[in-house]
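# Close look at the chain arrangement
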Amino acid sequence: MKFSFKIPAVASDPHSRFYSRKILWAILILGAVLRLAYFIQVQSNPLPRFTSQDNVFDSFNYVDLAKDIIDHHFLGSKLIQQSPGYPYLIATIFKIFGRDINYVFVFQMLWGIATIYLFYRTASLVFENHKIGLIAAFIAAVYSPFIYHECLILRDLPIGYMNLLGFYFLLRAVEKQKLPYYFFAGIALGLSAILRPNVAALAIVGVFFLIKGTKQKLIAAALMILGVCLVISAVTIRNSMLGA
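The model shown is predicted, which means the values in this text are computed figures rather than measured ones.

Procedures and definitions
- Residues numbered from 1 in each chain as written.
- Predicted model: local features only at pLDDT ≥ 70, side-chain atom pairs only at ≥ 80, totals over all residues.
- Heavy atoms only, no water.
- Helix = DSSP H or I, 4+ residues; strand = E, 2+ residues; numbered from the N terminus.
- Buried < 20%, exposed > 50% of the residue type's maximum accessible area, 1.4 Å probe, protein only.
- Contact = heavy atoms within 4.5 Å.
- Areas by Shrake-Rupley, 256 points an atom, 1.4 Å probe, with all protein chains shown as cover.
- Phe/Tyr/Trp six-rings, centres within 6.5 Å; stacked < 30°, edge-to-face > 60°.
- Axes fitted to C-alpha atoms, helices over the stretch in contact; angles between N-to-C directions.
- Left-handed = near helix turned anticlockwise from the far one by under 90°.
- Nonpolar A, V, L, I, M, F, W, Y, C, P; charged D, E, K, R; others polar.
- Salt bridge = Lys/Arg side-chain N within 4 Å of Asp/Glu carboxyl O.
- Patch = residues over 30% accessible without salt bridge, like charges linked within 9 Å, V, L, I, M, F, W, Y side chains within 5 Å.

### Some details on the overall build of the protein chain
Secondary structure summary: the protein chain contains 11 helices and zero strands in total. In the protein chain, the succession of α and β elements from N to C terminus is α-α-α-α-α-α-α-α-α-α-α. Residue burial in the protein chain is summarised as follows: out of 244 residues, 43% are buried. Sequence-distant contacts in the protein chain: of pairs separated by 6 or more residues, those separated by 24 or more amount to 70%. Accessible surface, the protein chain as shown: approximately 13,000 Å² in total, 68% of it carbon and sulfur.

### Some remarks on the packing of aromatic side chains
Applying the stated criterion across every chain, the model contains 15 aromatic pairs. Each ring, one from tyrosine 168 and one from phenylalanine 169, has its centre 6.1 Å from the other, and the planes form 50 degrees; the classification is tilted. As far as the burial class goes, tyrosine 168 and phenylalanine 169 line up, both buried. The interplanar angle of 55 degrees and the centroid separation of 5.6 Å between the aromatic rings of phenylalanine 169 and phenylalanine 184 together place this pair among those described as tilted.

### Considering the packing of helix 5 (residues 101-127) against helix 6 (residues 130-142)
Contact pair helix 5 / helix 6: the axes reach a minimum separation of 7 Å and the direction vectors enclose 150 degrees. Note that helix 5 runs across helix 6; the crossing there is right-handed. Taken together, the residues of helix 6 that come into contact with helix 5 (itself represented by Ile116, Phe119, Tyr120, Ala123, Ser124 and Phe127) are His130, Ile132, Gly133, Leu134, Ala136, Ala137, Ala140 and Ala141. Class assignment of the residues belonging to the contact of helix 5 with helix 6 gives a composition of 11 nonpolar, three polar and no charged.

### Describing the pattern of salt bridges
One pass over the structure, following the stated rule, counts four salt bridges. For glutamate 175, the salt bridge goes to arginine 172, with nearest N and O atoms at 3.1 Å. Of this pair, glutamate 175 and arginine 172 both sit in helix 8 (residues 156-176), separated by three residues, roughly a single helical turn. Neither glutamate 175 nor arginine 172 differs from the other in exposure class; each is buried.

### Examining unusual backbone geometry
With the exception of glycine, the majority of residues adopt a negative phi angle, and the majority of peptide bonds are in the trans configuration. Despite not being glycine, histidine 73 shows a phi value in the positive range, around 55 degrees. Counting through the fold element by element, histidine 73 comes out in the loop between helix 3 (58-71) and helix 4 (85-97). For histidine 73, a relative accessible area of 77% translates into the label exposed. In this model, phenylalanine 74 sits at a positive phi of 65 degrees, which is unusual for a non-glycine residue.

### Concerning the packing of helix 5 against helix 8
Across the interface, helix 5 lies against helix 8 with an axial gap of 10 Å and an inter-helix angle of 35 degrees. Between helix 5 and helix 8 lies a crossing of left-handed hand. Of helix 8, the residues touching helix 5 (which contributes Gln108, Trp111, Gly112, Thr115, Leu118, Phe119, Arg121, Thr122, Leu125 and Val126) are Pro158, Tyr161, Met162, Leu164, Leu165, Phe167, Tyr168, Leu171, Arg172 and Glu175. For the contact of helix 5 with helix 8, the residue count by class is 13 nonpolar, four polar and three charged.

### Brief notes about a nonpolar patch on the surface
Taken together, the side chains of Leu30, Leu34, Ile135, Phe138, Ile139, Val142 and Tyr143 present a nonpolar region at the surface, about 580 Å² in accessible area. Mapped onto the nonpolar patch, the elements with two or more residues apiece are helix 1 (14-42) and helix 6. The biggest single contributor to the nonpolar patch is helix 6, with four residues. One can find tyrosine 143 in the loop between helix 6 and helix 7 (144-149). Judged by relative accessible area, tyrosine 143 falls into the partly exposed class, the value being 41%.

Quick look at the structure:
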């Protein structure tokens, strides 16, 4: 099924791609080293662990909800009025590796390293230039707020990373002219919405852009809505089971 709108694929000769890969690997390693160095430094800093143990901080609420989810067969016993996604993420990590916030930090650091590559791919598609993609990846690798927040129990960074993933899938959908990418974009934005509900507005903007056009665009919009609704419906079902 063909679409009437597309963006050109990133053009680059094989020689340029070879050096781009080498530079990208160097950037990824740099990002990993910086994150590891900060993670080691955090071990002697009592603040991250203290904020997860004192109920005046958001970090405590996320960890407390995660423990409740694990203790009640992954359904939990408490209603989560907003942002249920992050407690469930923490609960999954705790269930697999143990109830230590360091495991959450390591997961978020690995996620951050993967997102460096995603910045490269996204910027390369937007600007149709691998060099700009490498610049974006380098900025993401050394950007201190990213590194800092990856060693905190807060939802802010996962929200940004999921939004970027949703945007990337939309770009791929337009570039490759394949409908499944719209569904994947909807899933990503849905996951972001259960981290911060007002992110759903981004999906609405995307849908309004798509519905003004051909039948294919309408199908793409429907798939995107389906992806968002599947994720959000899981939260709705969970709350209804708890009597909300």
